[in-house]
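Reading the structure
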Amino acid sequence: MRVDSRPAGATTAAMTGDREAILSLIVACQPDLRRYARRSCRTASDAEDAVQETLWVLYRKAPAIRQAAAFWGWLFTIVRRTCLRLAKAAHMTVSDDALLEVAAVARPDADLRLDLASGIESLPQNYREVLLLRDIEELTIDEISTRLGASREAVKARLHRARTLMRDYLTR
């Protein structure tokens, strides 16, 4: 199958599973993907990883593309999400959890209880309430939502923020 030099023609051919078309798309897309990844990712290494992952997804999933017009948006969405995932993975280092664990193990039980109580008391009321309902009373998100008259999203956001504040408090 002959492929147009235009991306839409190559995309249409790739949608039918034509391997040559998929390979030509990979070659044609690399410069644009690299340029976009360099702007979107934290490091040059992350940008290269994002481009490689995106090209791998393109190679595997090209026949699953439903509309040729959506191709470029689909590709750049993959690059952006990969950059975000790599940045998140870099920030979610083991050191945060390790610091918290070391801090907890190093304290005697009585001191740890006092620190936990002080940390919980230092939280704003709306965060404290959600944290206690979820982690102490072990209610579900839906039960907390019903009890507080808040949406599930609000409860989840408050719980996330409360846990983040507690982690910060305990690692100081």
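Residues numbered from 1 in each chain as written. Predicted model: local features only at pLDDT ≥ 70, side-chain atom pairs only at ≥ 80, totals over all residues. Heavy atoms only, no water.

Here the focus is the state of the cysteines. Here the structure, examined in full by the defined rule, presents 1 disulfide. The disulfide partner of cysteine 41 is cysteine 83, and the gap between their sulfur atoms is 1.9 Å. Across the S-S bond linking cysteine 41 and cysteine 83, the dihedral sits near -70°, which makes this disulfide left-handed. In this pair, cysteine 41 is assigned in the loop between helix 2 (19–40) and helix 3 (44–61) and cysteine 83 in helix 4 (residues 71–91), connecting sequence segments 42 residues apart. For the pair shown, cysteine 41 and cysteine 83 are each scored as buried. (Disulfide = S-S within 2.5 Å. Helix = DSSP H or I, 4+ residues; strand = E, 2+ residues; numbered from the N terminus. Buried < 20%, exposed > 50% of the residue type's maximum accessible area, 1.4 Å probe, protein only.)

Here the structure, examined in full by the defined rule, presents 2 aromatic pairs. An angle of 65° between the planes, with centres 5.0 Å apart, marks the rings of tyrosine 36 and phenylalanine 76 as edge-to-face. Of this pair, tyrosine 36 sits in helix 2 while phenylalanine 76 is found in helix 4, placing the two residues 40 residues apart along the sequence. Seen from their ring centres, tryptophan 56 and tyrosine 59 are 5.9 Å apart, and the 20° between their planes marks the pair as stacked. Here tryptophan 56 pairs with tyrosine 59, and both are found in helix 3, just 3 residues apart, close to one helical turn. (Phe/Tyr/Trp six-rings, centres within 6.5 Å; stacked < 30°, edge-to-face > 60°.)

Turning our eyes to something else, we now look at the environment of methionine 166. If you trace the backbone, methionine 166 turns up in helix 9 (residues 152–171). Using a relative accessible area of 8% as the deciding quantity, one classes methionine 166 as buried. Sequence-wise, methionine 166 and serine 122 are 44 residues apart; in three dimensions their C-alpha atoms are separated by 8.8 Å.

Attention now moves to the confidence of the model for the protein chain. Summarising the model, the protein chain shows a mean pLDDT of 79, and 84% of its residues fall at 70 or more. When the elements of the protein chain are averaged for pLDDT, helix 5 (residues 94–106) gives the smallest value, 51, and helix 8 (residues 141–148) the largest, 94. Note on residues 1–6: pLDDT under 50 across the span, and 11 contacts to partners over four residues away in sequence or across chains. (pLDDT = per-residue confidence, 0-100. Contact = heavy atoms within 4.5 Å.)

Looking now at the environment of leucine 25. As for its placement among the helices and strands, leucine 25 is situated in helix 2. Overall, leucine 25 belongs to the buried group, its relative accessible area being 2%. Linking leucine 25 and leucine 55, residues 30 residues apart in sequence, is a C-alpha distance of 9.2 Å.

Note on placement: alanine 154 falls in helix 9. Classification of alanine 154 as partly exposed rests on a relative accessible area of 23%. Each C-alpha atom of the pair alanine 154 and valine 130 lies 10.0 Å from the other, and the pair is 24 residues apart in sequence.

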